[in-house]
Amino acid sequence: MGTHRNGFSKRETFILSVDVGTTSIRCHVYDKSASIRGSCSAKVSLLYPQPGWVEIDPEELWQGFVTVVKGAVQDSGLQMCQMEGLGISTQRATFMTWDRNTGKPFHNFITWQDMRAAELVRSWNGSCTMKTVHGVMKMLHFLTRQKRFLAASLVVFTTQHVSLRLVWALKNIPQLRQAVEDGSCYFGTIDTWLLYKLTKGLVHATDYSNASATAIFDSYQMCWSGFLCSLLSIPLSILPRVHNTSHKFGLCDPSIFGVPIAIMSVMADQQAAMFGECCFETGDVKITMGTGTFMDINTGNNPHTSVAGNAAGTGAAIKWAQDLDLFSDVKETEAIATSVEDSDGVFFVPSFSGLQAPMNDPKACASFMGLKPSTTKKHLVRAILESVAFRNKQLFDVMLRETRIPITKIRADGGVCTNDFIMQLTADLLGRKIARPTHFDMSCLGAAFVAGLGTGYWRNQDELKKLLTMDQQFLPKRSKSEGEKGGQYRGVLQSWERALQRSMHWYSQP
């Protein structure tokens, strides 16, 4: 919780920002110096109705959103009428459909971790249709040299994309199919649902960053892809209008918070965190380590099509280990890991939701390998922490190969980045300096920055850069024996990669 600060001027205003994550909803009240004046958080309850299915109750999420906004303002000792604007950051690729007239959902939110469309993904990626599409698009790229055709020739569906999970819903939920036929269906990611609720049904919209995570949005034309929607039989009529991230989306209905607060930004969490880290220049890199690990690079004005980008379940693995009583407090893990020289040949594969880039195997299992009588809890904890850094290294290598953009700086955020062991090992493996900001809730800060720029609360990006403070910089250490940064881990990393291969294709169904 934040600290009450009374004695404010009646004219003083503030920016509200909410981040709807996978496991929690957090709201902060920011002042001109980007300091937090009040905070409130609520837990997000994940539902597992069937193996591989991961859902969120939409009404519970909405109530949680309202609760944290009211709670943060109350915690600040301020008044709701002093809130100049509202910024919203949300987890990407979690979606729902509902009746556009009544607002009644046809099903729970189907989250980005959900695996129910895995068979559809396998079927589509291996189909003659996709092979034909890839071939035609390669030919069009050869003839026109337009990058959007090259991007289309590389399209590969994954379970994390909204696209085939939405196809599954359209095929398997009768009332949804009927609503589509009747023209009464709305589709939306979490941001769209919140906008709809905040404006009492007046706004059905999203922003470019959330739309781009659906796999049915054309990032080159900046609109929904008529081609992909037609290919997958997704009706364009159910999709929301897409706006710039910095846009006045509407006003919160006064009945909700007592005053009509302007909704000034809606952003996907990773893009929001990148803005919060002030990664404004081409080549700036941000690593978010939360429930999953997400790596983003500023590509400038040129869109880039990638098969890489994230690793699900890394932070979730640490929470799982705590639930198993491998340790009582997450803060203990650094000391536990450094109390042993190595993991004693034990390797952990953090694939509770399959393996993402670069393996992209939804049927991979989480596993410990190399267990022996000498293995202790300390070795298990170290192996788990090492696996987070190893996945960072994998994603970084793929990003370098794909983008070929010179790296200017690397910044990290998210709850897991508070662990110095993971941060130092990541810096060693990448051979790069990594900066950690003073505040770790960068998605919330990024949404606040965009909202504040929109209202004129802050003037420009240069002013924002001056507000950002760093907690610590992690410099890569040179191995005494091998004379190479991260060199002592080369053999360990190779063995861990073998463990990844052993864990792949484990389940007949994800």
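Everything numeric here is computed off the predicted structure, so don't read it as measured data.

Visitor: Can you tell me about helix α11 (residues 269-276), naming the residues and giving the values?
Guide: Because each turn of an α-helix spans 3.6 residues, side chains separated by three or four positions end up pointing in the same direction. Along α11, 7 of the 8 residues are buried, which leaves the element largely enclosed by surrounding structure. The complete set of buried residues in α11 reads D269, Q270, A272, A273, M274, F275 and G276. Backbone geometry just after α11 places C278 at a positive phi near 60°.

Visitor: An account of the UniProt feature "domain: Carbohydrate kinase FGGY N-terminal" (unreviewed entry) in the chain is requested, with residue identities and associated values reported.
Guide: UniProt annotation of "domain: Carbohydrate kinase FGGY N-terminal" (unreviewed entry) refers to residues 15-276 when read in the numbering used here. Along residues 15-276, the helical share is 39% and the strand share 26%, with 14 Å between the first and last C-alpha atoms.

Visitor: Residue-level account of the packing of aromatic side chains, with values.
Guide: One pass over the structure, following the stated rule, counts 23 aromatic pairs. Look at F109 and W193: their rings are 6.5 Å apart centre to centre, the planes differ by 80°, and that puts the pair in the edge-to-face class. In this pair, F109 sits in strand β8 (residues 109-110) while W193 sits in helix α7 (residues 190-198), placing the two residues 84 residues apart along the sequence. Ring centres of Y457 and W458 lie 5.0 Å apart, and the angle between their planes is 80°; this geometry places the pair in the edge-to-face category. Assessed through its relative accessible area of 0%, W458 is described here as buried.

Visitor: So what's going on with the sheet that holds strand β2 (residues 24-30)? Residues and values would help.
Guide: Spatial strand order, β3-β2-β1-β6-β15-β14: 6 strands in an open sheet with mixed pairing. Edge positions in the sheet fall to β3 (36-43) and β14 (246-251), since each of these pairs with one other strand and no more. Pairwise comparison of adjacent strand axes, ignoring direction, gives a mean angle of 20° for this sheet. Where strand β1 (residues 14-20) and strand β6 (residues 83-90) come together, 7 bridges link them in parallel fashion.

Visitor: Residue-level account of unusual backbone geometry, with values.
Guide: A positive phi angle, close to 60°, is found at D344, a residue other than glycine. A relative accessible area of 23% means that D344 is categorised as partly exposed.

Visitor: How would you summarise the layout of surface pockets if you had to cite specific residues and measurements?
Guide: Estimates place the volume of the second largest pocket at around 360 Å³. As for the second largest pocket, its lining consists of 18 residues, of which R382, F421, L425, D428 and Y489 are closest to the centre. Listing elements by their share of the lining of the second largest pocket, those giving two or more residues are α13 (333-338), α14 (377-403) and α15 (420-430). If you tally residues by element for the lining of the second largest pocket, the top one is α15, at 5 residues. A breakdown of the residues in the lining of the second largest pocket according to their chemical character gives 5 nonpolar, 5 polar and 8 charged.

Rules used in this analysis
Residues numbered from 1 in each chain as written. Predicted model: local features only at pLDDT ≥ 70, side-chain atom pairs only at ≥ 80, totals over all residues. Heavy atoms only, no water. Buried < 20%, exposed > 50% of the residue type's maximum accessible area, 1.4 Å probe, protein only. Helix = DSSP H or I, 4+ residues; strand = E, 2+ residues; numbered from the N terminus. UniProt positions renumbered as here; feature names shortened; annotations may be inferred. Phe/Tyr/Trp six-rings, centres within 6.5 Å; stacked < 30°, edge-to-face > 60°. Pairing = 2+ DSSP bridges. Axes fitted to C-alpha atoms, helices over the stretch in contact; angles between N-to-C directions. 1 Å grid on protein atoms, 1.4 Å probe; cavity = no way out; pocket = protein on both sides within 12 Å on 5 of 7 lines; lining within 4 Å. Points joined across faces, edges and corners; volume = space filled by probe spheres on them. Nonpolar A, V, L, I, M, F, W, Y, C, P; charged D, E, K, R; others polar.

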